[in-house]
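# Working through the structure, step by step
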Amino acid sequence: MHSNATKLPLNSATQLSQDPSPSYIDKKRFAWLFSVLGPAISLVGTAGVSMFDASSWLLFFPLAFFYIFVPLLDLFIGEDTSNPPESSIEALEADPYYRWIAYATVPILWVAVIFNCIFLSTHSLTALEWIATVMTTGSVLGFGLNVSHELGHKLQTAPRKIALFNTALGAYGHFSIEHNRGHHRHVSTPEDPASAKMGENIYQFACREMPGAALRAWRLEANRLQRQNKSEWHFENEILQALCLTSVVYGILIGFYGLDMFLVLIPVALWGAFQLTSANYVEHYGIQRLKTNNGNYENCQPHHSWNSNHLVSNLVLFQLQRHSDHHAHPGRSYQSLRDFPELPRLPSGYFGMFFLAYLPPLWYRVMDPLLIKTLNGDVSRINFLPRAKNRLIQKYQLNTSAYSHH
């Protein structure tokens with residue numbers, strides 16, 4: 001098999017993170033509170049305008065903060081590649097402080113989304129002000145899905161139910177089912193609707209990922225219930241549980257604020273879903289797991305995901321950007337995730353990468369050469385958009401014969 005700079009033994013991070021010190025102090029312990037404050041920033045503009053008669057320019061502040069200020073901080077402050085020692089992981093995982101930070105984010109998310117939606121349906125705004133506030137509010141739903149992502153991987157019932165409850169706010173109650181039982185199984189394969197292909201822009205990806213994820217989640221949940229001799233429409237269907245909560249919340253809001261609220265909730269929910277799509281697009285773009293001799297895909301390892309150690313955006317996103325370790329060890333909580341040597345590395349944190357992805361020519365210019373360099377030009381490890389494959393192989397002069405033995 002062709003040598004690959006991205007290959008990594010599973011115990012590499014363990015070796016790197018060993019520390020003979022009997023005690024470990026998490027220097028970011030209180031900095032993780034930025035993950036709570038992130039969604040609250042979305043209230044700066046709407047609360048300022050409605051309660052303090054501030055200038056409407058303040059409505060643009062949250063977007064400027066996340067898509068300009070945070071990427072600049074990532075650029076100037078840089079990366080944090082430090083790992084907690086393996087000997088401290090058990091204590092970190094058992095410390096309730098970290099779980100309660102995630103729990104504390106949930107009410108802030110709900111207050112921010114509902115307050116902003118009421119603001120949008122009751123204030124006269126210019127088109128740009130309305131779009132900016134919808135995007136800001138939808139971005140809060142993106143934060144919400146990130147919190148649900150963190151909690152939904154836990155084995156205990158309480159965090160999993162809170163995760164389900166939280167996804168209902170954005171009418172995306174199928175997320176945990178699709179992510180845990182679908183995406184994690186098929187990640188970085190052509191069969192996964194939530195893994196982007198090289199040559200596929202984010203808008204093409206969204207048209208494949210959004211319906212594909214919803215359909216896969218329904219099939220998975222229906223199969224689970226059928227194994228218990230229950231109808232797929234049984235109330236134990238968690239997608240239906242979340243949908244009921246969504247209907248209640250949205251129904252109350254529309255009942256009070258009418259058609260104006262309906263016209264707000266739809267684009268806000270869509271932009272929230274698109275934030276998840278954006279993360280999925282960035283996290284696995286173009287990377288493919290190899291098939292073994294028995295026809296199954298190799299186990300997911302750290303080098304099958306793009307990674308980012310950019311400090312500021314990781315603090316705001318519960319370290320979601322250490323995605324390599326998350327997929328290799330999905331049970332690990334955010335405070336325990338580790339860096340690995342020679343991983344596929346993103347040039348910026350997610351906020352900067354999202355902005356890049358929304359401009360496909362710029363994305364291709366940055367990421368396609370980086371993908372090829374990261375995978376040493378090994379076409380067997382590249383997940384190509386089929387109709388773009390020959391063009392990309394020719395453009396980058398990739399050697400297909402060298403890997404015909406895979």
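Rules used throughout
- Residues numbered from 1 in each chain as written.
- Predicted model: local features only at pLDDT ≥ 70, side-chain atom pairs only at ≥ 80, totals over all residues.
- Heavy atoms only, no water.
- Helix = DSSP H or I, 4+ residues; strand = E, 2+ residues; numbered from the N terminus.
- Rg over C-alpha atoms; globule rule 2.2 N^0.38 Å.
- Buried < 20%, exposed > 50% of the residue type's maximum accessible area, 1.4 Å probe, protein only.
- Contact = heavy atoms within 4.5 Å.
- pLDDT = per-residue confidence, 0-100.
- Salt bridge = Lys/Arg side-chain N within 4 Å of Asp/Glu carboxyl O.
- Phe/Tyr/Trp six-rings, centres within 6.5 Å; stacked < 30°, edge-to-face > 60°.
- Axes fitted to C-alpha atoms, helices over the stretch in contact; angles between N-to-C directions.
- Parallel < 35°, antiparallel > 145°, perpendicular 65-115°, else oblique.
- Left-handed = near helix turned anticlockwise from the far one by under 90°.
- Nonpolar A, V, L, I, M, F, W, Y, C, P; charged D, E, K, R; others polar.
- Polar contact = N/O pair within 3.5 Å; in protein donor to acceptor, adjacent residues only side chain to side chain.
- Core = buried A, V, L, I, M, F, W, Y, C linked by side-chain atoms within 4.5 Å.

This part takes up the overall build of the protein chain. What the protein chain contains, in helices and strands, is 16 helices and zero strands. A globule of 406 residues ought to have a C-alpha radius of gyration of about 22 Å, and the protein chain, at 21 Å, matches this closely. Considering only C-alpha atoms, the protein chain reaches an extent of 65 × 50 × 50 Å along its principal axes. Looking at the protein chain as a whole, 56% of its 406 residues are labelled buried. In the protein chain, once contacts between residues fewer than 6 apart in sequence are set aside, the share between residues at least 24 apart is 73%.

Another point: the environment of Pro 84. Note on placement: Pro 84 falls in the loop between α4 (61–77) and α5 (89–94). The spatial distance from the C-alpha of Pro 84 to the C-alpha of Gln 319 is 13 Å, given a sequence separation of 235 residues.

Moving on to the confidence of the model for the protein chain. Taken as a whole, the protein chain shows an average pLDDT of 93; of its residues, 93% reach a score of 70 or greater. When the criterion is pLDDT under 50, residues 1–21 qualifies, and its contacts beyond four places in sequence or with other chains add up to 53 contacts.

As a further point, take the pattern of salt bridges. One pass over the full model with this rule turns up 17 salt bridges. For Lys 161, the salt bridge is made with Glu 238, and the minimal N-O distance between the two is 3.3 Å. With Lys 161 in helix α8 (residues 157–167) and Glu 238 in helix α11 (residues 238–284), this residue pair connects regions lying 77 residues apart in the sequence. A residue is classified by how much of its surface remains accessible, and Lys 161, at 34% relative accessible area, is partly exposed. Look at Glu 238 and you get buried, because its relative accessible area is 14%. Residues Lys 230 and Glu 236 are paired through a salt bridge, measuring 2.8 Å at the closest nitrogen-oxygen approach. The exposure class of Lys 230 is partly exposed, given its relative accessible area of 25%. Note on Glu 236: relative accessible area 32%, which makes it partly exposed. Shared partners join several salt bridges into a network, and the residues in it are Glu 86, Asp 325, Arg 332 and Arg 338.

Let us now look at the packing of aromatic side chains. Taken as a whole and judged by the stated rule, the model has 26 aromatic pairs. Between the aromatic rings of Phe 66 and Phe 351, the centroid separation amounts to 5.2 Å while the plane-to-plane angle is 25°, which identifies the pairing as stacked. A residue pair is termed long-range when its members are at least 10 positions apart, and Phe 66 in helix α4 and Phe 351 in helix α14 (residues 350–357) qualify at 285 residues. On the basis of relative accessible area, Phe 351 is assigned to the buried category, the value being 7%.

This brings us to the packing of α4 against α14. Orientation of α4 relative to α14, taken along the N-to-C sense of each, is 125°, at an axis distance of 8 Å. Judged on the interaxial angle alone, α14 and α4 are oblique. When the axes of α4 and α14 are compared, the crossing they make is left-handed. On α14, the residues touching Phe 66, Tyr 67, Val 70 and Pro 71 of α4 are Phe 351, Gly 352, Phe 354 and Phe 355. Along the lines of polarity and charge, the residues of the contact of α4 with α14 split into seven nonpolar, one polar and no charged.

What follows covers the environment of Asn 116. Topologically, Asn 116 is positioned in helix α6 (residues 96–122). Residue Asn 116 is classed as buried on the basis of its relative accessible area of 0%. Once the C-alpha coordinates of Asn 116 and Glu 238 are considered, the two residues, 122 residues apart in sequence, prove to be 27 Å apart. Discounting residues that sit within four places of it in the chain, Asn 116 has contacts with Ser 42, Leu 43, Thr 46, Thr 136 and Thr 137. In this structure the side chain of Asn 116 is engaged in a polar contact, spanning 3.3 Å, whose partner is the side chain of Thr 137.

A word on the nonpolar core. Phe 66, Tyr 285 and Trp 363 are the most contacted members of the largest nonpolar core, which has 81 residues in total. Element by element, the count of residues in this core is highest for α11, at 13 residues. Every residue in contact with Trp 363, bar those within four places of it in the chain, is listed here: Tyr 281, Val 282, Tyr 285, Met 353, Leu 356, Ala 357 and Asp 368. With five residues, the next largest nonpolar core counts Tyr 172, Phe 175, Ala 273 and Leu 276 among its residues.

Quick look at the environment of Leu 33 now. Residue placement: Leu 33 occurs in the loop between α1 (12–17) and α2 (34–40). Between the alpha carbons of Leu 33 and Lys 230 there is a distance of 42 Å; along the sequence they are 197 residues apart.

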